Amino acid sequence: MTTEVREARLDIYPTNYDGPVQGSMDLPNAQQSQKNGEPEFNTLDEPISTTIMRDLKAVGIKFKHVLQPKEKTTLLKEWDLWGPLLLCTFMALMLQGSQDKANNENDGGPEFAEVFVIVWIGAAIVTINSKLLGGNISFLQSVCILGYCLLPLAIALIACRCLVFLFSPSTFLFFTSLCISMSGFLWATYASLLFLGNSQPDGKKALAVYPIFLFYFVIAWLVLASNVH
């Protein structure tokens, strides 16, 4: 009895095959994106500058939606934390108190870390309250909206600082800074309510509005207090 031993081979084609290899290397997701008309991004091959510019453009579009709060879905669908981080860092740098090195005393303004904690912890508390009341958006979506809606207060801070350089401390400077700070506060509250208002149950919207109102009021007070001594 003869046992035939065959060699196992993994060759698909014969060794002398010179024909072309045909086939499609397209990814399913890329084909789906093309069918839906969505832009196809490949961040692995593009330059870093292109990626940064695209992200900055997306942040700028969200800033525009805060200043002109008409379209309500962009901040919810395409949320990110880059804008809130930029605004929080900018405001913390502008609001931090100056240190008198000779006497080792502070002028009474908040420190950088204090402003940072107030903004992020405040946004987290407002978001947790919203979720406990039955809000239908995610934690990070709510923090994103609250952070982006700091833009009017950041603009108010810049305007108040310009007034401080132009005018000496007086009653006029105080009331002008007060009006600018309250305008930024009202606009930030109004914009955030437009984006977050539909995420709350009908009977609990008032309970969700009060923490948002208090959150932006505290920051507006910091803006006013840092410019009027």
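Residues numbered from 1 in each chain as written. Predicted model: local features only at pLDDT ≥ 70, side-chain atom pairs only at ≥ 80, totals over all residues. Heavy atoms only, no water.

Draft legend 1. Representation of the UniProt feature "transmembrane region" (unreviewed entry) in the protein. When the UniProt feature table is mapped onto this chain numbering, "transmembrane region" (unreviewed entry) sits at residues 79-95, 115-133, 145-167, 173-196 and 208-228. Along residues 115-133 one finds 95% helix and 0% strand; the C-alpha atoms at either end are 27 Å apart. (UniProt positions renumbered as here; feature names shortened; annotations may be inferred. Helix = DSSP H or I, 4+ residues; strand = E, 2+ residues; numbered from the N terminus.)

Draft legend 2. Expanded view of the packing of helix α2 (residues 48-67) against helix α8 (residues 171-196). Interaxial distance between α2 and α8 falls to 9 Å at its minimum, and their mutual angle equals 105°. The angle between α2 and α8 falls in the class roughly perpendicular. Contact with α2, carried on its side by H65, V66 and L67, involves W187, A191 and F195 of α8 and no other residues of that element. Residues that form the contact of α2 with α8 fall into these classes: five nonpolar, one polar and no charged. (Axes fitted to C-alpha atoms, helices over the stretch in contact; angles between N-to-C directions. Parallel < 35°, antiparallel > 145°, perpendicular 65-115°, else oblique. Contact = heavy atoms within 4.5 Å. Nonpolar A, V, L, I, M, F, W, Y, C, P; charged D, E, K, R; others polar.)

Draft legend 3. Representation of the confidence of the model for the protein within the structure. Mean pLDDT over the protein works out to 77, with 72% of the residues at or above the 70 mark. Mean pLDDT per element in the protein: strand β1 (residues 99-100) is the minimum at 42, and helix α7 (residues 151-166) is the maximum at 91. Across residues 21-36 the pLDDT falls below 50, and counting only partners more than four positions away or on other chains, this stretch makes five contacts in the model. Throughout residues 98-103 the model reports pLDDT below 50, and contacts reaching past four residues in sequence, or to other chains, amount to eight contacts. (pLDDT = per-residue confidence, 0-100.)

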